[in-house]
Amino acid sequence: MKEHTIFDRLFDAGCHNVTSTGLFLHGSAQVGDRSVSVIGTRDHAAIDGQLALRIANAILQAVRADAGSVPRPILFIADTQGQALSRHEELLGLNGYFAHVARCVDLARRHGHHLLTLIHGEAVSGGFLAFGMLADRICALPDAQVRVMDLRAMSRVTKINLERLEELAGVSPVFAPGPENYWHMGGIHEIWSSDDNWPERLAAALASTTDTDGRAAIGLERGGRQLAAPTAQLVADA
Amino acid sequence: MIGRRISYFEASARMRLSGLVDTDSLSEFCPPEMRQTSPHLARLDAPLAFDDGVVVGRATLAGHAVLIAAQEGRFIGGSVGEVHGAKIRGLLDKALVERPAAVLLLVDSGGVRLHEANAGLIAISEIMRAVLRVQAAGIPVFALVGGSCGAFGGMGIVTRLCAEVVMSEQGRLGLSGPEVIETVKGVEEFDSRDRALVWRVTGGKLRRALGEATRLVDDLIPAFRAAAADLIARYQTHPLAPASLGTLLDEQARLTARCERFASARDGLEIWQAAAFTDASRVPELTVAEFNLQLGELA
């Protein structure tokens, strides 16, 4: 599904002015009686330093625009195949550019902006870590794919044969790609279906953002991550 | 003196810790006796570690209270799995309550542990949020990078969230490791076996010249200790101010300028040249003291 079809379904046709520049999406939209900022990537973007800077700048401008007034929610649209892979990007410190994006997201949260991510297309590894994964609440659209690495590549790196990994992927959400697995582990809060009323879901999701990180507790509750919450608690209470 | 000349690069996580903090001051949380191992590795018949590859605890450093985590690069590349990540996250949560002088992360990691990739990715995201939260509360987090696995993947991002990044020349910092880039993009893009090139692109001297690392120290445990002690003392007199719109706009401008200035750079030599080192090609041969002196003279 192209992003403009998605926007028309999400916001009621005409109630947004999101435009794309290359792989970068930016604009604002109306959700019920609220205005929200929209910042995103499209077409399975490989996130490089330039794109990271555009995202960061849009977040900073959203914070600046609302200084002294009620902070508007920020809606992140994540579609990324991961970080750009190149010697040039590594030389300049792409990890530092991603950290800068994360600091900007944190600033927006501290300034009272509610932060919601919609995954459409792909959310992969470093690209997802930098952009989208730090929101208060994360929702996957029906076509979304979420992963660190595909099983074939994982088999190469871990030297565990593919058949074994495929067999385990069927019973363990811990390394198999897919939004359902992330849902079980608390990494994704909601998965939307095509039949849902998206404007209603969007309004409900925006209303249920919280600024604390409850993902480990959710993962425990849903049974996908049984040890993260108790282990962190064990250390915190020691 | 001979006994004190211990290479940080060669040392295990526990050796680094014992040389870094005040003698006998470390008390470990969730120690190996508790056998908090990874159930996911067990299911794959992969080797286990009773500490899941990370030591977390409380200690003093030059008399100051610190919370500290040390990743063990020798255990599956210091990779972050569910338990490993949760220990670091718990330590950061604890910092909000105990308010130590600093939290020290001895990073030695390739990033997410693929055997439990989804859990690892979420764990790193949780660590990122926790580091941001701790620093927003005015408690500085320092990353120390000088191990054989460097700081890559999500741990490369975590490292750059820290208020201070102390590196040795041998330390490496980045996002995608050279092997990954070579595998996907080809050997002409990045030859991971060209060790000198790898260090010119990811190593401590390059990161320090760019400003990504805030200190460059010798590959010795006491050198890391001295830098950490010095930084703690500095934050005692100049407390960490949470990032503001102004400081992040400045950082935005700085990173934008770097992209423009080095629009086609592919080798650390170009960065050192632009930084006006007397002879960029000789930078890899400079001692840390000579490097810092030249950098200081340039600043």
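From a predicted model like this one, the values you see are computed outputs, not experimental measurements.

Structural notes on the overall build of chain B
Counting its secondary structure elements, chain B contains twelve helices and seven strands. The C-alpha atoms of chain B give a radius of gyration of 19 Å, which matches the 19 Å a tight globule of 299 residues would have. Taking the principal axes of its C-alpha atoms as reference, chain B extends roughly 55 × 50 × 50 Å. Evaluated residue by residue, chain B yields a buried proportion of 55% over its 299 residues.

Describing the overall build of chain A
The secondary structure content of chain A amounts to eleven helices and nine strands. A globule of 238 residues ought to have a C-alpha radius of gyration of about 18 Å, and chain A, at 18 Å, matches this closely. With the C-alpha coordinates of chain A rotated into their principal frame, the extents come out at 50 × 45 × 40 Å. When each of the 238 residues of chain A is scored for burial, the buried share is 55%. Long-range pairs, those at least 24 residues apart, make up 63% of the contacts in chain A between residues at least 6 apart in sequence.

Comments concerning the sheet that holds strand E4 (residues 102–107) of chain B
Sheet strands line up and pair through hydrogen bonds in the backbone, either parallel or antiparallel. Residues and elements named next belong to chain B. Within the open sheet, the seven strands sit side by side as E1-E2-E3-E4-E5-E6-E7. Their pairing is mixed. Where the open sheet ends on each side, the last strands, each with one partner, are strand E1 (27–29) and strand E7 (215–217). Across the sheet, the axes of successive neighbouring strands diverge by a mean angle of 25°, strand direction being ignored. Looking at chain direction, E1 and strand E2 (residues 54–61) are connected through three bridges and run antiparallel. When the sheet's bridge partners are listed, Glu28 is paired in E2 with Gly57.

Points about the pairing of strand E6 (residues 164–168) of chain B
Residues and elements named next belong to chain B. The element E6 is extensively covered by neighbouring structure, given that five of its five residues are classed as buried. A two-sided burial pattern is seen for E6, the buried positions comprising Glu164, Val166 and Ser168 on one face and Val165 and Met167 on the other. Bridge count for strand E5 (residues 141–145) against E6 is four bridges, and the pairing is parallel. When the bridges of E6 are listed, Leu144 appears paired with Val166. Considered for its hand, the β-α-β crossover made up of E5, helix H5 (residues 154–161) and E6 is right-handed. Taken together, the three bridges between E6 and E7 define a ladder with parallel strand orientation. The residue bridging Met167 from the neighbouring strand is Leu216, located in E7.

Side note on the environment of B:Arg74
Tracing the backbone shows B:Arg74 in the loop between strand E3 (64–71) and helix H3 (82–98). Separated by 177 residues in sequence, B:Arg74 and B:Glu251 have C-alpha atoms that sit 35 Å apart.

Quick notes on the interface of chain B and chain A
Taken together, the 68 residues of chain B in the interface contact 65 residues of chain A. Looking at the side of chain B that touches chain A, the elements with two or more residues in it are helix H2 (39–43), H3, helix H4 (117–136), H5, helix H6 (178–185), helix H7 (195–202) and helix H10 (245–261) of chain B. Among the elements that make up the side of chain B that touches chain A, the one with the highest residue count is H4(B) (13 residues).

Some thoughts on helix H9 (residues 221–237) of chain B
Residue and element names in this part refer to chain B. With 17 residues, H9 extends 25 Å between its outermost C-alpha atoms, agreeing within 8% with the 24 Å of an ideal straight helix rising 1.5 Å per residue. All of the buried residues in H9 are Ile221, Phe224, Arg225, Ala227, Ala228, Leu231 and Ile232. Across the axial projection of H9, the buried residues extend over an arc of 165°, all falling on one side. In H9, the exposed positions that point more than 90 degrees away from the buried face belong to Asp230, Arg234 and Thr237.

Some words on the pairing of E5(B)
Residues and elements named next belong to chain B. Among the five residues that make up E5, five are buried, leaving the element largely enclosed by the rest of the structure. Here E5 shows a buried face lined by Val141, Ala143 and Val145 and a second buried face lined by Phe142 and Leu144. When E4 meets E5, the two strands line up parallel, connected through five bridges. What sits directly across from Leu105, in E5, is Ala143.

Description of the nonpolar core
Ranked by size, the top nonpolar core spans 167 residues in total, and within it A:Ile59, A:Phe98, A:Val101, A:Ala102, B:Val103, B:Val131 and B:Ala228 carry the most contacts. Excluding anything up to four places from it in sequence, A:Ile59 contacts A:Ile39, A:Ile74, A:Cys104, A:Val105 and A:Ala108.

Details of the packing of helix H11 (residues 228–237) of chain A against H3(B)
Between H11(A) and H3(B), the shortest axis-to-axis distance is 7 Å and the interhelical angle comes to 40°. It follows from the interaxial angle that H11(A) and H3(B) lie oblique. Relative to H3(B), the crossing made by H11(A) is right-handed. Contacts between H11(A) and H3(B) involve A:Ala228, A:Thr231, A:Ala232, A:Gln233, A:Leu234, A:Val235 and A:Ala236 on the former and, on the latter, B:Glu82, B:Val83, B:Ala86, B:Lys87, B:Arg89, B:Gly90, B:Leu91, B:Asp93 and B:Lys94. For the contact of H11(A) with H3(B), the residue count by class is eight nonpolar, three polar and five charged.

What about the packing of H3(B) against H4(B)?
All names here are of chain B. Here H3 crosses H4 at 15°, and the two axes come no closer than 9 Å. On the basis of their axis angle, the class for H3 and H4 is roughly parallel. Where H3 crosses over H4, the handedness of that crossing is left-handed. On H4, the residues touching Glu82, Gly85, Ala86, Ile88, Arg89, Leu92, Asp93, Ala95 and Leu96 of H3 are Ala119, Gly120, Ala123, Ile124, Glu126, Ile127, Ala130, Val131, Arg133 and Val134. Here the residues of the contact of H3 with H4 sort into twelve nonpolar, two polar and five charged.

Here's the deal with the confidence of the model for chain B
For chain B, the mean per-residue pLDDT works out to 95, and 98% of the residues sit at or above 70. Reported confidence for the predicted complex is 0.97 by ipTM and 0.97 by pTM.

The rules behind the values
- Residues numbered from 1 in each chain as written.
- Chains lettered and ligands numbered in written order.
- Predicted model: local features only at pLDDT ≥ 70, side-chain atom pairs only at ≥ 80, totals over all residues.
- Helix = DSSP H or I, 4+ residues; strand = E, 2+ residues; numbered from the N terminus.
- Rg over C-alpha atoms; globule rule 2.2 N^0.38 Å.
- Buried ≥ 20, exposed ≤ 12 C-beta atoms within 10 Å, placed from the backbone.
- Contact = placed C-beta atoms within 7 Å.
- Pairing = 2+ DSSP bridges.
- Axes fitted to C-alpha atoms, helices over the stretch in contact; angles between N-to-C directions.
- Right-handed = clockwise from strand over helix to strand, strands pointing away.
- Expected span 1.5 Å × (residues − 1).
- Arc of directions from axis to C-beta.
- Core = buried A, V, L, I, M, F, W, Y, C linked by C-beta atoms within 7 Å.
- Parallel < 35°, antiparallel > 145°, perpendicular 65-115°, else oblique.
- Left-handed = near helix turned anticlockwise from the far one by under 90°.
- Nonpolar A, V, L, I, M, F, W, Y, C, P; charged D, E, K, R; others polar.
- pLDDT = per-residue confidence, 0-100.

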